[in-house]
Amino acid sequence: HNFSDGMIIGSAFSLCDEAFGWVVLASILLHELPQELFDFVVLLQAGWTPKMALLANLASSLSSILGAIVVLAVATTSTFAQGLIISFGAGILTFVCLSELLPLLL
């Protein structure tokens, strides 16, 4: 979901104001840092070397930059495309939130 994180960050900066973009960026970073650390530990437990686990996490994380670039390229074309981007991002965030929190509540 790193690609969609980049799309959300890109849409926050391009479609909203800069202050909101920084808030969205900070919230996604706070979500991603523990997750990436956990992924790193899982890869180490699976027998990967620390260097390979770090490179795999970095490669995965770079897809968020690609997502932001896609949004910044498309966001200026039409309001319909902007609406789709924001709807897609909201759906991904809702899914991640429910899939992480709902099992704890049940």
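These figures come from a predicted structure and were not determined experimentally.

**Looking at the overall build of the chain**
Within the chain, the regular secondary structure consists of five helices and zero strands. Counted from the first residue to the last, the chain has its helices and strands arranged as α-α-α-α-α. A principal-axis box enclosing the C-alpha atoms of the chain has dimensions of 45 × 35 × 20 Å. Within the chain, the fraction of its 106 residues that count as buried is 25%. Taking contacts inside the chain between residues at least 6 apart in sequence as the whole, the part at least 24 apart equals 60%. Roughly 7000 Å² of accessible area belongs to the chain as shown, and the carbon and sulfur atoms make up 78% of that amount.

**A look at helix 5 (residues 79-105)**
With 27 residues, helix 5 extends 38 Å between its outermost C-alpha atoms, agreeing within 8% with the 39 Å of an ideal straight helix rising 1.5 Å per residue. The largest bend in helix 5 is about 25 degrees, located at Leu 98. All of the buried residues along helix 5 are Ala 81, Ile 85, Gly 89 and Val 96.

**As for the layout of surface pockets**
Its volume calculated, the largest pocket comes out at about 340 Å³. Taken together, 21 residues line the largest pocket, and the ones lying closest to its centre are Ile 8, Val 24, Ile 28, Gly 89 and Leu 93. In terms of residue count, the dominant contributor to the lining of the largest pocket is helix 5 (ten residues). Of the residues assigned to the lining of the largest pocket, the class counts are 14 nonpolar, five polar and two charged. Its boundaries defined by the atoms lining it, the second largest pocket holds a volume of some 230 Å³.

**Side note on the confidence of the model for the chain**
This prediction gives the chain a mean pLDDT of 86; 98% of its residues lie at or above 70. Mean pLDDT values for the elements of the chain range from 80 in helix 5 up to 93 in helix 3 (residues 50-61).

**A word on the nonpolar core**
In a soluble, globular protein the nonpolar side chains are often hidden away together inside. Counting residues in hydrophobic clusters, the biggest one holds five residues: Ile 8, Ile 9, Ala 12, Val 24 and Ile 28. Secondary-structure elements contributing two or more residues to this core are helix 1 (2-15) and helix 2 (18-45). Leave out the neighbours within four places in its chain, and Ala 12 touches Asp 17, Phe 20, Gly 21 and Val 24.

Scoring rules and cut-offs
- Residues numbered from 1 in each chain as written.
- Predicted model: local features only at pLDDT ≥ 70, side-chain atom pairs only at ≥ 80, totals over all residues.
- Heavy atoms only, no water.
- Helix = DSSP H or I, 4+ residues; strand = E, 2+ residues; numbered from the N terminus.
- Buried < 20%, exposed > 50% of the residue type's maximum accessible area, 1.4 Å probe, protein only.
- Contact = heavy atoms within 4.5 Å.
- Areas by Shrake-Rupley, 256 points an atom, 1.4 Å probe, with all protein chains shown as cover.
- Expected span 1.5 Å × (residues − 1).
- Bend = angle between axes of the 7 residues up to and from the residue.
- 1 Å grid on protein atoms, 1.4 Å probe; cavity = no way out; pocket = protein on both sides within 12 Å on 5 of 7 lines; lining within 4 Å.
- Points joined across faces, edges and corners; volume = space filled by probe spheres on them.
- Nonpolar A, V, L, I, M, F, W, Y, C, P; charged D, E, K, R; others polar.
- pLDDT = per-residue confidence, 0-100.
- Core = buried A, V, L, I, M, F, W, Y, C linked by side-chain atoms within 4.5 Å.

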